[in-house]
Amino acid sequence: MATPIWTRRHVLSLADFTPLEYDTVLQTANSFREVLSRRTKKVPTLQGQVVTNLFFEPSTRTRSSFELAAKRLSADILNFAPGTSSLTKGETILDTAKTYLAMGTDMMVVRHKEAGVPHAIAREMDRLNVKVGVLNAGDGQHEHPSQALLDLFTICTILDPDQPRLSLLQNKKIAIVGDILHSRVARSNIWSLTASGAEVHLAGPPTLLPRLFEAFIKEPDPGSGVWGTASHPTSGTTFSRRLFLHWSLEPAIRDADFVMTLRLQKERMTSHLLPSLREYHQMFGITRDRLKLCNPAVKVLHPGPVNRGVEISSDLMDDPQFSLISQQVTSGVAVRMALLYLMGSGKA
Ligand code: NCD
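Residues numbered from 1 in each chain as written. Predicted model: local features only at pLDDT ≥ 70, side-chain atom pairs only at ≥ 80, totals over all residues. Heavy atoms only, no water.

Peer 1: Please set out the overall build of the chain residue by residue, giving values where relevant.
Peer 2: A count of helical and extended segments in the chain gives twelve helices and ten strands. Of all 348 residues assigned to the chain, the portion counted as buried reaches 57%. A separation of at least 24 residues holds for 78% of the contacts in the chain among residues at least 6 apart in sequence. If you sum the accessible surface of the chain, you get close to 14900 Å²; carbon and sulfur atoms cover 53% of it. (Helix = DSSP H or I, 4+ residues; strand = E, 2+ residues; numbered from the N terminus. Buried < 20%, exposed > 50% of the residue type's maximum accessible area, 1.4 Å probe, protein only. Contact = heavy atoms within 4.5 Å. Areas by Shrake-Rupley, 256 points an atom, 1.4 Å probe, with all protein chains shown as cover.)

Shown next as structure tokens:
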């Protein structure tokens, strides 16, 4: 594969991703999707490189998917497990990262319950002047770039399986529903989906979608839903980010092309933000019946893990006509191969 233009050492946030970068990830992931459909699903691209998974917080799909992606690229992978590590003896996170650096790590994939930890490790690597790339695999309530990129890839391959690209989402309506307050997945998806020209509608109860949330995404232009135009120095493209907030479900999902529902993150809820799960399901749960309001070809996404019967009904979750949940997991491997490949390509 010809090495596409890629200048980013770390992938920590999607806030400043350019359309060209999104398209580079989508195209590269599509090539790896083809590799993964072959009988021999492995390429020698990152042979000799070391990828370290530094997960300070539980994970099933993200950690395994990065591990498989690294293996499919023939990299050596180290998996750090906090419970059995020297963290329990008081070693700091930066010293842990430097230990893996001393073993020859080329890329670190970092997840932590506090926002900013991957950034701190990346800054330390830059300060040490070592060419180690850091990938944010979820930091607190901040961002989860690889999840948003795999969501983007999943959506784009539905629209054009041969040539998934950002522009396919122009003027599509996408609803993101649920616990937006605690969701790093929503924050990263807001950056990517609004960069595509899609109209993004957030829906949730006021406790999980406070007005304060608008401040996080910059100064909105009240009423219009447009919160500013951005232009990209590299591509010269100017676009408006179109984002709408709703405290009821119907206006968000009416005529929607895609509905992304989010897990209620009970572990991050410090106060009683909901009356009951049953009431939440009645107001914001995605069911087959509710999908009748959407575009007939609507598809439903969920990053997982799912609280069955809470944010989405159990039958809908398993219905391949609507649910993209398994496809998201499958796409995750190709997208993470693309990210590791692009970040590691300068060293290969
Ligand atoms: C998400 C996460 O950990 O942020 N899951 C994931 O990575 N697939 C969402 C969640 O935990 O609800």
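Here the narrative resumes.
Peer 1: Any details on the sheet that holds strand β1 (residues 50–55)? Residues and values, ideally.
Peer 2: Where strands meet in a sheet, backbone hydrogen bonds hold them as pairs that are either parallel or antiparallel. Strand order in the open sheet formed by four strands is β2-β1-β3-β4, with parallel pairing between adjacent strands. Edge strands, defined here as strands with exactly one partner in the open sheet, are β2 (76–80) and β4 (133–139). For this sheet, the mean angle separating the axes of adjacent strands, direction not counted, is 15°. (Pairing = 2+ DSSP bridges. Axes fitted to C-alpha atoms, helices over the stretch in contact; angles between N-to-C directions.)

Peer 1: Please provide a residue-by-residue account of the nonpolar core, values included.
Peer 2: Y22, F32, I176, L193 and L340 are the most contacted members of the largest nonpolar core, which has 64 residues in total. It is helix α12 (residues 325–344) that provides the largest number of residues to this core, a total of ten residues. Two domains each put at least three residues into this core: domain 1 (19–144 + 330–344) and domain 2 (146–328). Ranked by size, the runner-up nonpolar core spans 25 residues in total, among them A175, L273, V300 and I325. (Core = buried A, V, L, I, M, F, W, Y, C linked by side-chain atoms within 4.5 Å. Domains from an automatic or database assignment.)

Peer 1: With reference to specific residues and values, describe the site of the ligand.
Peer 2: As a matter of local geometry, the ligand sits amid R61, T62, R111, H144, Q147, R184, V185, R263, Q265, P303, G304 and P305. Note that an oxygen atom of the ligand is positioned 3.0 Å from one of the side-chain N or O atoms of R111. A total of 310 Å² of accessible area belongs to the ligand in isolation, and the protein chains cover 95% of it. Where the shell around the ligand is concerned, the elements lending two or more residues are α2 (61–72) and α6 (184–195). Each residue belonging to the shell around the ligand can be placed in one class, and the counts come to three nonpolar, five polar and four charged. Of the domains in this structure, domain 1 (19–144 + 330–344) and domain 2 (146–328) are the two that each give at least three residues to the shell around the ligand. (Near = heavy atom within 4 Å. Polar contact = N/O pair within 3.5 Å; in protein donor to acceptor, adjacent residues only side chain to side chain. Nonpolar A, V, L, I, M, F, W, Y, C, P; charged D, E, K, R; others polar.)

Peer 1: Which residues make up the packing of α2 against α12, and what values do they have?
Peer 2: At their nearest, the axes of α2 and α12 sit 8 Å apart, and the two run at 60° to each other. Relative to α12, α2 is oriented oblique. Relative to α12, the crossing made by α2 is right-handed. In this structure, α2 uses R61, T62, S65, F66, L68, A69, A70 and R72 to contact α12, whose residues at the interface are G332, V333, R336, M337 and L340. Taken together, the residues of the contact of α2 with α12 break down into seven nonpolar, three polar and three charged. (Parallel < 35°, antiparallel > 145°, perpendicular 65-115°, else oblique. Left-handed = near helix turned anticlockwise from the far one by under 90°.)

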